[in-house]
Amino acid sequence: MKYILVIDQGTTSSRAIIFNTSGKVVGQAQQEFRQIYPHPSWVEHNPIDILSSVRSVISTALTEARVKHSELIGMGITNQRETVVMWDKQTGEPIYNAIVWQCRRTMNRCVELEKYKEEIIARTGLKLDSYFSASKIEWLLKNVPKAQELLNSHRLLVGTIDTYLMWQLSGGKIYKTDYTNASRTMLYNIHTLAWDSYLCKLFDIPMEILPEVCPSSYNYGLTDKDILGFEVSISGVAGDQQSALFGQCCFAKGDLKVTYGTGCFLLMNTGDEALVSKNGLITSLGCQTDKKPSYVLEGSVFVGGAVIQWLRDELKIIASASESEKLARSVESTNGVFLVPAFVGLGAPYWNFEAEGLITGITRGTNRAHITRAALEAIAFEVNDVVSAMKKDLGVDILKISVDGGATENNFLLEFQADITNADIVRPKNKEVTALGAFYLAALNLNLFENLEEIKLMNPIERSFIPQMLCEDRDVKLEGWNKAIRKASFK
Ligand code: ADP
C-alpha cells in the first residue's frame, strides 16, 4: 500500500495524519506544546518544542497505522500562519523563541508606520497590523543581538513554521516556503509574486535572508534519512486557512468556506483576480496548482465558538458545548434578545477595537435558553456580516457555503446560518479539511489524480442546510442585530 503523511502544525498542537491514496485517514496522532507568555499580550513558542512534537506525532501516527516508512510516497505540511522563527544556518539552533501570530509586541511599531498603510495594502493585500510577520522579524533583528552577529557572518535564516520544519527535516537542504505562507508575511508582493524590496527596506529586513517561494503543490525536496529515519518527498505546503479552502474543494472563483472554531475564518476563492476589498477584508494568495496565481479574500471573526465556551465556563448556563443546541431548540425564538460577543472588539468587517460585548432586549421572561439561542445566532450573524462584505466586494450573490470546524456539530447553528444568509450550507463527510487540503496538494504533485474534478468526488457532502426563513422575518432579525452592533460600537 501507498500512503501520504500530513503534518498539521497548529497554534496549540501538532498533528500527524496518514492518508491512503483514496483520501481515507488510516492513522493520526496529536500533541500539545507549551504556550509561552513572557509579558501581557506577548505570545511565543519554543521552536524546539514544535519540532520535537512534530517528530513525535509522526512516529506515533505511523506506528498506530502500522505504516512502514517505505510505504510513504509523499508528505504535506499545513501550518499556523504568520508565526516566525529565526535560526543559525550552521547549527540549526533557533536564536529566540518563535513569535506567534497572536503576539502584539509590535503593535506600537505598526502605529508608527500608519502613513505607509495604503502602500502596504497595495503591495500585500494586508492591513497594517502586528498580526503579520514583517514587524515581528524586524523586532527580532533589532532586539536579539545574535541576529546581527549571524547576519554579519551570513548565517542567519528566518521563516514561517513551514520553512523552519522543512529546513530541519531535510537537514538544512530545503529553504523554501509556499505562496500562501509568503503572502501572510507582509513582505511579499502578491501582484508581482516576489519579495517586495520597498517593504523589506521599510522594515529593514535584508532580502537575502528570506526563503525561496514556490507553488503549494510542488516538489520541495526530500526529508533527511538521518534526521527523520526515512526519506520522503515534501510535495504539498500551505498555510492552514488556505489549506482548508483547498480541502473544501473551493477550486472555483466565488467558492467560499467558513471554519467555525474558537473564532470564525472566512476565505473566498477570487480566482486569478486580486480583489481589493472596500469592505474591511484582506487579500492573500491561495493554493496554486497551475501557472496562474490564485487569490483569496479573507475575513475573520474574533469570537465564534468561544462564545459557547463563555456560556459554559463563565456564565455556567450550559454544561457542555453540545448542550447549547438542545437548549436553543427548547424555545421558539430568542424573544427579542441579541448578544454581541465583542469580547476583544469586533473583527471583519467592522475592525472596531473599542467595541464591547453586550446582551440587549432582556425582559423579566428572559431565561438561559433565550441567551444560549442568542449566542448561537450571534455566531451566524457575525459570519453573515463578513459574507455580506464579500458579496459587495465581489458584486455577486453567494448561494453556497462550505463549512467545517468544531461548532459545525451544531445543526441549529447551521440551520440558522442558512436562513440568515439565504445560502445553502454544506457540511462534508470528512471534516478534517485542513489536513485534507495538504493531502490533495501533495497528491496532485505526485500525480495521484488526473484533475481537480476527481478530487471533488473524494469527500462527499454529509448534509446540506437549505434556507427556510421568509424574507420579511430575515429583515426583522437583521435589523435587530444591526441595532445591537451599533450599541456595541457606541454609534
Ligand atoms: P479551534 O481549532 O479554534 O480550537 P475547534 O474547531 O476545535 O476550534 O472548535 C472548538 C470550538 O467550537 C469551541 O469554541 C467550542 O465552544 C465550539 N463548539 C464545539 N462543539 C460545539 C457545539 N456542539 N455547538 C456550538 N459550539 C461548539
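Residues numbered from 1 in each chain as written. Predicted model: local features only at pLDDT ≥ 70, side-chain atom pairs only at ≥ 80, totals over all residues. Heavy atoms only, no water.

Student: Residue-level account of the packing of aromatic side chains, with values.
Tutor: Considering all chains together, one arrives at 20 aromatic pairs under this definition. Residues Phe-302 and Trp-351 carry aromatic rings whose centres are separated by 6.0 Å and whose planes lie at 70° to one another, so their mutual orientation is edge-to-face. Here Phe-302 is found in the loop between strand E18 (295-301) and helix H11 (306-315), whereas its partner Trp-351 is found in the loop between strand E19 (338-340) and strand E20 (358-360), with 49 residues between them in sequence. For Phe-302, a relative accessible area of 28% gives the class partly exposed. Of note, Arg-105 hangs over the ring of Trp-139, and the distance from its end group to the ring centre comes to 4.5 Å. (Phe/Tyr/Trp six-rings, centres within 6.5 Å; stacked < 30°, edge-to-face > 60°. Helix = DSSP H or I, 4+ residues; strand = E, 2+ residues; numbered from the N terminus. Buried < 20%, exposed > 50% of the residue type's maximum accessible area, 1.4 Å probe, protein only. Lys NZ or Arg CZ within 6 Å of the ring centre and 35° of its normal.)

Student: Hey, could you go over the side chain of Ser-170 for me, with residue numbers and the actual values?
Tutor: Mapped onto the secondary structure, Ser-170 falls in the loop between helix H6 (161-169) and strand E9 (176-178). Polar contacts involving the side chain of Ser-170 include one to the main-chain amide nitrogen of Ile-174, which spans 2.8 Å. Discounting residues that sit within four places of it in the chain, Ser-170 has contacts with Leu-222, Thr-223 and Asp-224. (Polar contact = N/O pair within 3.5 Å; in protein donor to acceptor, adjacent residues only side chain to side chain. Contact = heavy atoms within 4.5 Å.)

Student: Go over the pattern of salt bridges with me, naming the residues and quoting the values.
Tutor: Scanning the model with the defined rule gives 29 salt bridges in all. A salt bridge links Asp-8 to Arg-15; its shortest N-O distance comes to 3.7 Å. Given a relative accessible area of 12%, Asp-8 falls into the buried group. Linked by salt bridges that have partners in common, Arg-81, Glu-82, Arg-184, Asp-240 and Glu-298 make up one network. (Salt bridge = Lys/Arg side-chain N within 4 Å of Asp/Glu carboxyl O.)

Student: Can you explain the pairing of strand E17 (residues 282-285)? Please cite residues and give values.
Tutor: Covered by surrounding structure in E17 are Ile-282 and Ser-284 together with Thr-283 and Leu-285, the residues of both alternating faces. Here E17 runs beside E18; their pairing, made up of 4 bridges, is antiparallel. Counterpart to Thr-283 in the pairing with E18 is Leu-297. (Pairing = 2+ DSSP bridges.)

Student: Can you break down unusual backbone geometry residue by residue, with the values?
Tutor: Here the bond from Ala-348 into Pro-349 is cis, since omega is -5°, no more than 30 degrees from zero. The residue Pro-349 is located in the loop between E19 and E20 in this model. Positive phi values are uncommon outside glycine, yet Arg-66 reaches one of about 50°. One non-glycine residue, Cys-249, adopts positive backbone phi at about 60°. Note on placement: Cys-249 falls in the loop between helix H10 (240-247) and strand E15 (256-260).

Student: Can you explain the domain arrangement of the protein? Please cite residues and give values.
Tutor: Taken as a whole, the protein is organised into domain 1 (3-231) and domain 2 (249-491). Of the residues lining the interface, 39 residues belong to domain 1; the matching set on domain 2 comes to 31 residues. Together domain 1 and domain 2 conceal approximately 2600 Å² of surface at their shared face, both sides included; 65% is due to carbon and sulfur atoms. Summed over the shared surface of domain 1 and domain 2, the number is 3 salt bridges. (Domains from an automatic or database assignment. Buried area = accessible area lost by both parts, 1.4 Å probe.)

Student: Can you explain the sheet that holds strand E2 (residues 13-20)? Please cite residues and give values.
Tutor: Across the sheet, 6 strands lie side by side as E3-E2-E1-E5-E14-E13; this open sheet has mixed pairing. Each edge of the open sheet carries a strand with a single partner, namely strand E3 (25-32) and strand E13 (217-222). Averaged over neighbouring strand pairs, the angle between their axes works out to 25° when direction is ignored. Examined bridge by bridge, E13 and strand E14 (residues 233-239) share 3 bridges and lie antiparallel to one another. Residue pairing across strands places Leu-222 opposite Ser-233, the latter belonging to E14. Along the sheet, helix H15 (residues 433-445) makes contact with strand E1 (3-9), E2, strand E5 (72-79), E13 and E14, crossing E14 at roughly 140°. (Axes fitted to C-alpha atoms, helices over the stretch in contact; angles between N-to-C directions.)

Student: Give me the site of the ligand: which residues, what numbers.
Tutor: Around the ligand sit 14 residues, and of these Thr-262, Gly-305, Gln-309, Gly-406 and Asn-410 come closest. Within the side chain of Gln-309, one N or O atom sits 3.1 Å away from an oxygen atom of the ligand. Between an oxygen atom of the ligand and a main-chain N or O atom of Ala-407, the distance comes to 3.4 Å. Calculation on the ligand without its partners gives an accessible area of 580 Å², and the protein chains cover 67% of this total. With 3 residues, H11 is the single largest residue contributor to the shell around the ligand. A class-by-class count of the residues in the shell around the ligand yields 4 nonpolar, 9 polar and 1 charged. (Near = heavy atom within 4 Å. Areas by Shrake-Rupley, 256 points an atom, 1.4 Å probe, with all protein chains shown as cover. Nonpolar A, V, L, I, M, F, W, Y, C, P; charged D, E, K, R; others polar.)

Student: Explain helix H13 (residues 368-394) to me, using residue names and the numbers behind them.
Tutor: For H13, which comprises 27 residues, the first-to-last C-alpha distance of 39 Å matches the rise-based estimate of 39 Å (1.5 Å per residue) to within 8%. With 23 of its 27 residues buried, H13 lies for the most part within the structure. Capping of H13 at its N-terminal end is provided by Asn-367; its side-chain oxygen lies 2.9 Å from the backbone amide nitrogen of Ala-369. Trailing H13 by a residue or two, Gly-395 shows a phi angle of about 75°, which is positive. (Expected span 1.5 Å × (residues − 1).)

Student: Go over the sheet that holds E15 with me, naming the residues and quoting the values.
Tutor: Across the sheet, 7 strands lie side by side as E17-E18-E16-E15-E21-E22-E23; this open sheet has mixed pairing. Strand pairing shows two members of the sheet lacking a second neighbour, E17 and strand E23 (461-465), which therefore form its edges. Taking each pair of neighbouring strands and ignoring which way they run, the sheet shows an average axis angle of 30°. When E15 meets strand E21 (residues 400-404), the two strands line up parallel, connected through 3 bridges. Within E21, the position partnered with Val-258 by the bridge is Val-403.

Student: Help me get a handle on the confidence of the model for the protein, residues and values and all.
Tutor: Mean pLDDT for the protein: 94, with 100% of residues reaching 70 or above. The least confident element of the protein, judged by mean pLDDT, is helix H9 (residues 225-228) at 88; the most confident is helix H14 (residues 411-421) at 98. (pLDDT = per-residue confidence, 0-100.)

Student: I'd like to hear about H14, residue by residue, with values.
Tutor: Given 3.6 residues to a turn, an α-helix orients residues that are three or four positions apart in the same direction. Of all 11 residues in H14, 10 are buried, a share of seventy percent or more. Within H14, the full set of buried residues consists of Asn-411, Phe-412, Leu-413, Leu-414, Phe-416, Gln-417, Ala-418, Asp-419, Ile-420 and Thr-421. Just downstream of H14 lies Asn-422, where phi reads positive at about 55°.

Student: Give me the lowdown on the side chain of His-45, citing residues and values where you can.
Tutor: Structurally, His-45 can be placed in strand E4 (residues 44-45). His-45 sits in the buried class, given a relative accessible area of 0%. A distance of 3.1 Å separates the side chain of His-45 from the backbone oxygen of Thr-11, its partner in a polar contact. In contact with His-45, not counting residues within four places along its chain, are Thr-11, Phe-33, Arg-34, Gln-35, Ile-36, Ile-50, Gln-80, Asn-97, Ala-98 and Val-100.

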